[in-house]
Amino acid sequence: MDLTDNEKRDAVKLIEAGKPLPDKYRFLLFGDDREVELVWNGKTAEVSNVVLPFQVIEQVDEPRSEETGGGHKQTTLFDLDDRGRQLAGWTNKLIWGDNKLILSSLKNGPLREEIEEQGGIKLIYIDPPFDVGADFSMDIEIGGDTFTKKPGILEELAYRDTWGKGADSFIAMIYERLVLMRDLLAEDGSIYVHCDWRLSGYMRVVLDEIFGKELILNEIIWCFSQGAKSKRMFGRKHNTIFSYSKSKDKQIFNADDVRVEMKSGKSSFGGRLETDENGRKYRLVYGTKNAQGETKYYKYYLDQGKIPEDYWTDINSLQSGVTERVNYPTQKPEALLERIIKASSNEGDLVADFFCGSGTTAAVAEKLGRKWIASDLGKFATHTTRKRMISVQRQLKQDKKDWRAFEILNLGKYERQHYIGVNPNLREEEKQKQLEVKEKHFIELILHAYRAQAVENFKTFHAKKAGRMVVVGPVNMPVTRLFVEEVILECREKRISRVDILGFEFEMGLFPNILDEAKTKGIDLAMKYIPSDVFDKRAVEKNQVVFHDVSYIEVKPHVKKNAIAVELTDFSVFYSQDTINHAAESLKNGKNKIVVEQGQIVKVSKDKNGIVTREVLTQHWTDWIDYWSVDFDFESKREIVRVPINPDEQATLPGMELPQKKLQMWEEHWTGDFIFENEWQSFRTKKDRELELKTPYHECKPGRYRVAVKVVDIFGNDTMKIIEVSV
């Protein structure tokens, strides 16, 4: 520290007065020798180390035929059961949730060991949300019309966390996640980060700071010409993909696997076109002269192709008529991911995408024989990826190639998180005080809209209404099984039998098991969605806020000899988004709007004379269904989670004076739930909008079975029903 007496005196005065020190003191006091540094409001070196258990809620594995299962080399990697389904070996993972918590749990939790057994993650590709105007809205096809579904509260919070303060909040979001991704990469791994003109400048500096500027491999310019062009400037027709290695000169790069055609006409190679004695064409390119005055020259054979440069003009963006398109707004072409995955991983390697969107990375990885991990915060994205991967399995089966099973996971026990609006720059004690104030206000807001009366002196209950206790779930995470189990526990302690649980979002696979469990204990649980209208003061005061029930399924089993079939007979939903009256009032003449009111999608139109008409688009209950699937023996596979064991004392070896560092140990626990094994499914695709409503007969041994039926609606929300069938 090299401070003059005057500088020391000035610094003390400023500190005593509670004023900030000028920037120059940062370098004088701490001797930071970085020439360039990225600074933003709220920057911190802290990185999440939370470990939450992953809960497997569904496993998907298209049964293999004997011919397919025996004729492909990949089957040697795992054993198959009598249904042709994978028994052992790596299972690919599709994870729904906040990728910061997912990355932290992968890095620090028991799955890290499983990842390392596969050689680590060799390649990460991410396409984070770089459009400040984008959100989690989705266009849903219904009949011949398109309905725009607004984002859920959790998705809105994620959007605010990402873009609430513009570039500052985006950089803060992506910085911590990139640090976690770097730590998860194998030593010979690499990362590709996709962005556009809005953030490419920031992203380059962020990646330089995290990985080191000496580890950049390429700044790839992906050029495309499709789409509208501005008349006020040059068309913005490229994206940037930055690639970095984990370690210097260790990264995988399969140059020969990604060669492209070398044109025989004029080329940037220069030189002239020649033919050798075997008739092979090559381009002769002259180099520089050496010290002896001899000119070097190079031969480039056209049939060998060339390694692509770092500007890619041969891969088009997806257009509306392309077969692979799944109508997901940020979907990228498979050809783009194929080049990246082939170049920077080998068959059998593990690749990952933590902003997976429509699932392009996972789909291409599966087709190329790679293992994969994919995650997304959006339920609709997770569901879109599930359908896409089932289609990939079916296609590989048809092509007599093999595939790996994949499982859909939730993050399990959530810790109490900060409520939206808590200042991250506060000290921990001040954060907790502000957290309590914010949570109290949030609960009061919900209870006022629900017309419930607040109660005190309970662990979980917040209010009562019409003889039922009321619990408000958390604002920035789903209502989880653990949350509901705590409610059930207090019900038994206080002898309470009727409870409403209000939540913005519910964990995948939560229903109906937890409701059945409560019923066996004499407790009637009603789960209700909190609508976004609770934040509309006018709607609350007019008592227009509707807390709708979760969806309801009706099925009919058919038994014939030693076989079961399941028929879907009814599906009820209770969603609302906007109202018919509000749409009619706000519409201009000649316009129309689609709204959802009390489980019906309605097109409200106003003609040129101001006459309003209404057309119900959901004519039949099946219009609400996008996907349904069946597990014919639901209780055949228990859900197991691994939890940490912390030894009470540090262990030492004889003759050693200092205690050794504790080794993290894990043990397996049964959650009391079961994994849904997806044995049959029917779903709508862009090309085929038809839905089968009855399964084929499924052979099974005589006995009593619990058959689980899962339905996913057109918004991506899932509901399950379990029936008992005797054969």
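Now for a look at the structure at hand.

Thresholds applied
- Residues numbered from 1 in each chain as written.
- Predicted model: local features only at pLDDT ≥ 70, side-chain atom pairs only at ≥ 80, totals over all residues.
- Heavy atoms only, no water.
- Core = buried A, V, L, I, M, F, W, Y, C linked by side-chain atoms within 4.5 Å.
- Buried < 20%, exposed > 50% of the residue type's maximum accessible area, 1.4 Å probe, protein only.
- Helix = DSSP H or I, 4+ residues; strand = E, 2+ residues; numbered from the N terminus.
- Pairing = 2+ DSSP bridges.
- Axes fitted to C-alpha atoms, helices over the stretch in contact; angles between N-to-C directions.
- Salt bridge = Lys/Arg side-chain N within 4 Å of Asp/Glu carboxyl O.

## Details of the nonpolar core
With 47 residues, the main nonpolar core has Ile-121, Ile-124, Leu-178, Met-181, Ile-191, Met-203 and Ile-373 as its most contacted residues. If you tally residues by element for this core, the top one is helix α7 (residues 167-184), at 10 residues. Ranked by size, the runner-up nonpolar core spans 37 residues in total, among them Ile-340, Leu-396, Trp-403 and Val-712.

## Points about the sheet that holds strand β27 (residues 625-631)
Across the sheet, which stays open at both edges, the four strands sit in the order β31-β27-β33-β34 with antiparallel pairing between neighbours. The sheet is open, and its two edges are formed by β31 (680-683) and β34 (718-726), each paired on a single side. Strand after strand, the sheet turns through a mean of 15° between neighbouring axes, direction not considered. Sheet analysis places β27 next to β31, joined by four bridges and oriented antiparallel. Bridge assignment links Tyr-627 to a residue of β31, and that residue is Phe-683.

## What about the pattern of salt bridges?
Evaluation of the coordinates by the stated rule reveals 38 salt bridges. The salt bridge involving Glu-116 is made with Arg-112; its shortest N-O contact spans 2.8 Å. Within this pair, Glu-116 and its partner Arg-112 are both found in helix α5 (residues 111-117), separated by four residues, close to a single helical turn. Using a relative accessible area of 39% as the deciding quantity, one classes Glu-116 as partly exposed. Relative accessible area serves as the criterion here: at 21%, Arg-112 is assigned to the partly exposed category. Lys-521 is paired through a salt bridge with Glu-517; the nearest N and O atoms lie 3.4 Å apart. Glu-517 gets classed as partly exposed once you look at its relative accessible area, which sits at 22%. The network of salt bridges with shared partners includes Arg-481, Glu-485, Glu-517, Lys-521 and Asp-673.

## Some words on the pairing of strand β22 (residues 552-560)
Of the pairings in the sheet, the one linking β22 to strand β23 (residues 563-572) comprises nine bridges and is antiparallel in character. Note that in β23 the partner of Lys-560 across the bridge is Ala-563. Between the antiparallel neighbours β22 and β23 lie two residues, among them Lys-561 with a positive phi of about 55°.

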